[in-house]
Amino acid sequence: MKLAGMEELNSTESDFSMIEDGAGNKYFVSDRGGSYPTPMPSIRIDGRNKIFSAEKSDFTDRGYFSVYRQDKAGDITRVVSNVPNTMYLSDPSYAASQNLLFYSVTRSITKVKKNRNIMVQPEIYYSKVDPDGNLEGFTAFPYNDSLGYAVMHPYVDEQAKRLYFSSDNQDPAWGGQGGYDLYYSEYDENMVFSTPVNLGPEVNTAGDETHPFRKDNKFYFSSTGHNGLGGMDIFEASYTPTAFSGTRNMGTPINSLADDFGYREDKDRTVYLSSNREGGMGLDDIYMAKEMYKQFLAGYWTATGRSSPRATWPPSGIRPRGSWCLLPGTAKES
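Residues numbered from 1 in each chain as written. Predicted model: local features only at pLDDT ≥ 70, side-chain atom pairs only at ≥ 80, totals over all residues. Heavy atoms only, no water.

Student: I'd like to hear about unusual backbone geometry, residue by residue, with values.
Tutor: Look at the link from T252 to P253: it is a cis peptide, with omega at 0°. Of note in the backbone geometry, K161 takes a positive phi value of approximately 55° without being a glycine. Judged by its relative accessible area of 40%, K161 falls in the partly exposed class. Phi angles above zero are rare outside glycine, and R269 is one such case at about 70°. Positionally, R269 belongs in the loop between β18 (260-265) and β19 (271-275). The class of R269 is partly exposed, set by a relative accessible area of 29%. (Buried < 20%, exposed > 50% of the residue type's maximum accessible area, 1.4 Å probe, protein only. Helix = DSSP H or I, 4+ residues; strand = E, 2+ residues; numbered from the N terminus.)

Shown next as structure tokens:
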């Protein structure tokens, strides 16, 4: 298996967390432009600034993260937030049934009741999206607390009607395991959200868990607390509506010695992820990998001259493993 950088989206800067909407337009995060004198932190946020600089994030020493949209023609434009005083816009997640884009925002708040000693935290909002990718209005997630704790990395699961997200809320009522934990909040057709539920110790650790995603009976996330290869790794757990189990590191080449996060898998099982591993174009890059089954199956029929799958699958030497098929020597077993 080989990951390929998405050159049409990546830049010499930081590019990550790509998703698609229902029409095939791509949304991703970038901080294109600016200087970068210090290492990139593993949690990509612009929060925790006491006073925001108008030019750059004090957290990364770069321009603020923004969401960008690549349309089907390949043109890239910046998505503009309607949330007042937005300094940072990130973590897009699209709900096709209601044409809603969920995202994280950090606002410029300089003082509260004459108190300037404040710490501004990321929040989650959602908006309707017009045909050109513009956001229409905005609604705040009801469990935001811009001065109390971070709420970010939304992933809307339309099948289960859940909004998954990451938070470092230390209130015992939320049941946090430490650091950033993953939670879900159920919602109804009127976007009324229930009390957040902690995903529990099978997923959450004393470290940081971020970037949730579910596909069928598998749940994916990134973590610094589970055993990993280095930095932040991507993990997979078995999912049912009532439990998460069997958490495992996805191994190489999904993970590397650097930070790996933002895992997504589309309808044709093409995988997307983000990483600051060596060999990339920029500081963080977006990578893509086609499902190995399709690649090897197509090659097998071509090589054998067959036009239909009349032989027993897999062919000799190809070992199915989960949603991937591995040729000897193409990827490490974990």
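Student: Which residues make up empty space enclosed by the protein, and what values do they have?
Tutor: Inspection of every chain in the model, using the stated rule, returns two cavities of 30 Å³ or more. Of the pockets and cavities examined, the second largest cavity occupies roughly 100 Å³. Contributing to the lining of the second largest cavity are S17, M18, I19, D91, P92, H153, P154, Y155, H211, P212, G262 and R264. Of all the elements in the fold, those that place two or more residues in the lining of the second largest cavity are β2 (15-20), β6 (86-95), β10 (151-157), β14 (209-215) and β18. Across the lining of the second largest cavity, the residue classes tally to six nonpolar, four polar and two charged. (1 Å grid on protein atoms, 1.4 Å probe; cavity = no way out; pocket = protein on both sides within 12 Å on 5 of 7 lines; lining within 4 Å. Points joined across faces, edges and corners; volume = space filled by probe spheres on them. Nonpolar A, V, L, I, M, F, W, Y, C, P; charged D, E, K, R; others polar.)

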